[in-house]
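Structural features, examined
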Amino acid sequence: MKKTILSLLCLMPMLTNCANNQKIEITLETNPSTGYSWQYSCNPESGATVEENTELSKANSDKNSMIVGAPNQVTYKITKKSKKPVTCTFEYSRSWEKDTAPIQQFSVKL
């Protein structure tokens, strides 16, 4: 069974029940032309795996080409591998701005 969580830049901490080897999907809006991107981290002892897939936005896919400055979506598939609690934190920031807080941040607890 797969759970899907859709979040588009109006985010808050989320809590979901997730069995071992069950996947949840989180789809987020991103705009790489601004320099911002989503970074994630999961508690390492949890053994969770995260797969990332960037997709063209509807506006881009209708024209079959990338439109400069148009938003895209990125989907993260998180698989819980153990009975231990898993916390994954997502931050929307510019990787080169080391002393600046992310403009969006949230955590998913499984």
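In this text, all values refer to a predicted model and were calculated from it rather than measured experimentally.

According to the stated counting rule, one finds seven aromatic pairs in the structure shown. On the numbers, 5.9 Å between centres and 75° between planes, the contact of W38 with F106 is edge-to-face. Residue W38 is found in strand 4 (residues 37-42), and its partner F106 is found in strand 8 (residues 104-109); the two are separated by 68 residues along the sequence. Per residue, the accessibility class of W38 equals that of F106, and both read buried. Between the aromatic rings of Y40 and Y76, the centroid separation amounts to 5.4 Å while the plane-to-plane angle is 70°, which identifies the pairing as edge-to-face. One end of the pair, Y40, is in strand 4; the other, Y76, is in strand 6 (residues 72-79), and 36 residues separate them in sequence. According to the relative accessible area criterion, Y40 is partly exposed, its value standing at 33%. Classification of Y76 as buried rests on a relative accessible area of 1%.

Our next topic: the pattern of salt bridges. Tallied over the full model, the rule gives two salt bridges. One salt bridge in this structure joins K23 and E51, with 3.3 Å as the shortest N-O distance. A residue pair is termed long-range when its members are at least 10 positions apart, and K23 in strand 3 (residues 23-30) and E51 in strand 5 (residues 49-55) qualify at 28 residues. On the accessibility criterion, K23 (32% relative accessible area) is partly exposed.

This part is about the confidence of the model for the protein. Across the protein, the average pLDDT comes to 75, with 70% of residues at 70 or higher. Element-level mean pLDDT values for the protein span from 44 in strand 1 (residues 2-6) up to 91 in strand 7 (residues 87-93). Overall, residues 1-13 carries pLDDT values under 50, and its contacts beyond four positions in sequence, including any with other chains, amount to 37 contacts.

Our next topic: the pairing of strand 3. Burial analysis of strand 3 places six of its eight residues in the buried class, the great majority of the element. With eight bridges connecting them, strand 3 and strand 6 associate as antiparallel partners. Considered in strand 6, the bridge of I26 is made with Y76.

Definitions and cut-offs
Residues numbered from 1 in each chain as written. Predicted model: local features only at pLDDT ≥ 70, side-chain atom pairs only at ≥ 80, totals over all residues. Heavy atoms only, no water. Phe/Tyr/Trp six-rings, centres within 6.5 Å; stacked < 30°, edge-to-face > 60°. Helix = DSSP H or I, 4+ residues; strand = E, 2+ residues; numbered from the N terminus. Buried < 20%, exposed > 50% of the residue type's maximum accessible area, 1.4 Å probe, protein only. Salt bridge = Lys/Arg side-chain N within 4 Å of Asp/Glu carboxyl O. pLDDT = per-residue confidence, 0-100. Contact = heavy atoms within 4.5 Å. Pairing = 2+ DSSP bridges.

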